[in-house]
Amino acid sequence: MKLFWAVLAVLALAGCSGGKDAVVPGSSFSFVSPGGKVDITYDDAQRQTAPVLAGDDLMNEGKQLSLADFPGKVVVLNLWGQWCGSCRTEAPEMEALARQGVQVVGIDVRDPAREVAQDFVRDRGLTYPSIYDPDGRVLLKLSGYPRNIIPSTIVLDKQHRVAAVFLRQVLAQDLLPVARRLAAEA
């Protein structure tokens, strides 16, 4: 009898889960990792608009930095923290991507001391901008996005719709083909 109720519960939950029709074109982005994937791509019809992410510019205190500052550009949004070992390896990869003409924007998370994060940027010669988000408020705007997976990267198309998500450390060679393909879209 217990097995019957367990199967019934699973079927009921499965009926509530979204399939392909759960994505509403033009709707706001709400993150779901299908099947626990760490590399997720969305075709044009599946893409949802990212929320307007804005916050304090890490390197320019008193200045705001926003995704809206990059209209019509493909944006590689990289979540990082100077305390994160994988981020230390990944930062030069993001810089290499930026030097190849891809717009990279960082979100520095959970760094309570701005000066330490600024030193990290200066020591590594990073030229791409970052939003300073020590308490994670900017990141909260990404509905359902796992805030504990650092580093992670979100690639936005020219309309700032989410086109790809990487829940792992990436290399420039992972992102460059994605960014170029999106830049070539009409």
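Since we're looking at a predicted model, the values are computed, not measured. (Residues numbered from 1 in each chain as written. Predicted model: local features only at pLDDT ≥ 70, side-chain atom pairs only at ≥ 80, totals over all residues. Heavy atoms only, no water.)

Chemist: I'd love a proper account of the environment of Met-94, names of residues and values included.
Modeler: Considering the arrangement of structural elements, one finds Met-94 in helix α2 (residues 85-99). The buried category is assigned to Met-94, whose relative accessible area is 1%. For the pair formed by Met-94 and Gly-106, sequence separation is twelve residues and the distance between their alpha carbons is 9.0 Å. The residues contacting Met-94, other than those within four sequence positions of it, are Val-76, Asn-78, Val-104, Tyr-128, Thr-153, Val-170 and Leu-175. (Helix = DSSP H or I, 4+ residues; strand = E, 2+ residues; numbered from the N terminus. Buried < 20%, exposed > 50% of the residue type's maximum accessible area, 1.4 Å probe, protein only. Contact = heavy atoms within 4.5 Å.)

Chemist: Before we move on, could you go through the packing of aromatic side chains and cite the residues and values that matter?
Modeler: Tallying each qualifying case throughout the model produces one aromatic pair. Here the aromatic rings of Trp-80 and Phe-120 are separated by 5.1 Å at their centres, their planes lie at 20°, and the arrangement is stacked. Placement of Trp-80 in strand β4 (residues 75-80) and of Phe-120 in helix α3 (residues 114-124) is noted, with a sequence separation of 40 residues between them. Assigned by exposure class, Trp-80 and Phe-120 land together as buried. (Phe/Tyr/Trp six-rings, centres within 6.5 Å; stacked < 30°, edge-to-face > 60°.)

Chemist: Break down unusual backbone geometry for me, with residues and values.
Modeler: With an omega dihedral of 0°, the bond running from Ile-150 to Pro-151 counts as a cis peptide bond. The residue Pro-151 is located in the loop between β6 (130-133) and β7 (152-156) in this model. Positive phi is not limited to glycine here, since His-160 has a value of about 60°. Checked against the element boundaries, His-160 lands in the loop between β7 and β8 (162-166).

Chemist: I'd like a rundown of the environment of Asp-69, residues and numbers included.
Modeler: With respect to the helices, strands and loops of the structure, Asp-69 is situated in the loop between β3 (64-66) and β4. For the pair Asp-69 and Ala-54, spaced 15 residues apart in the sequence, the C-alpha separation amounts to 9.3 Å.

Chemist: Got a sec to walk through α2? Specific residues and values, please.
Modeler: Every α-helical turn comprises 3.6 residues, leaving residues that sit three or four positions apart pointing alike. Spanning 15 residues, α2 covers 23 Å between terminal C-alpha atoms, matching the ideal 21 Å at 1.5 Å per step. When the local axis directions of α2 are compared, the greatest deviation, roughly 30°, occurs at Ala-91, which is followed within four positions by the proline Pro-92. For α2, the complete set of buried residues consists of Cys-87, Glu-90, Ala-91, Met-94, Glu-95 and Leu-97. Once α2 finishes, Gly-101 follows within two positions and takes phi at roughly 90°, a positive value. (Expected span 1.5 Å × (residues − 1). Bend = angle between axes of the 7 residues up to and from the residue.)

Chemist: Outline the sheet that holds β6, supporting the account with residue identities and numerical values.
Modeler: Read from one edge to the other, the open sheet built from eight strands follows the order β1-β8-β7-β4-β5-β6-β2-β3, with strand pairing classed as mixed. Only two strands of the sheet have a single neighbouring strand rather than two, namely β1 (39-41) and β3. Ignoring strand direction, the axes of neighbouring strands in this sheet form an average angle of 30°. Two elements, strand β2 (residues 54-57) and β3, share three bridges in a ladder whose sense is antiparallel. Across the sheet, residue Asp-56 finds its bridge partner in β3, namely Gln-64. Sheet strands touched by α2: β4, β5 (103-109) and β7. Its angle to β4, the strand with the most contacts, is close to 165°. Packing of α3 onto the sheet brings it into contact with β2, β4, β5 and β6, and relative to β4 it is tilted by some 125°. (Pairing = 2+ DSSP bridges. Axes fitted to C-alpha atoms, helices over the stretch in contact; angles between N-to-C directions.)

Chemist: Explain the pattern of salt bridges residue by residue, including any values.
Modeler: All chains considered together, the criterion is met by twelve salt bridges. A salt bridge links Arg-47 to Asp-44, with the shortest nitrogen-to-oxygen separation between them at 3.8 Å. The exposure class of Asp-44 is partly exposed, given its relative accessible area of 46%. Residue Asp-44 pairs with Arg-161 through a salt bridge whose shortest N-O separation is 2.5 Å. Taken together, the residues span a long stretch of sequence, with Asp-44 in the loop between β1 and β2 and Arg-161 in the loop between β7 and β8 at a distance of 117 residues. We classify Arg-161 as buried; its relative accessible area is 16%. (Salt bridge = Lys/Arg side-chain N within 4 Å of Asp/Glu carboxyl O.)

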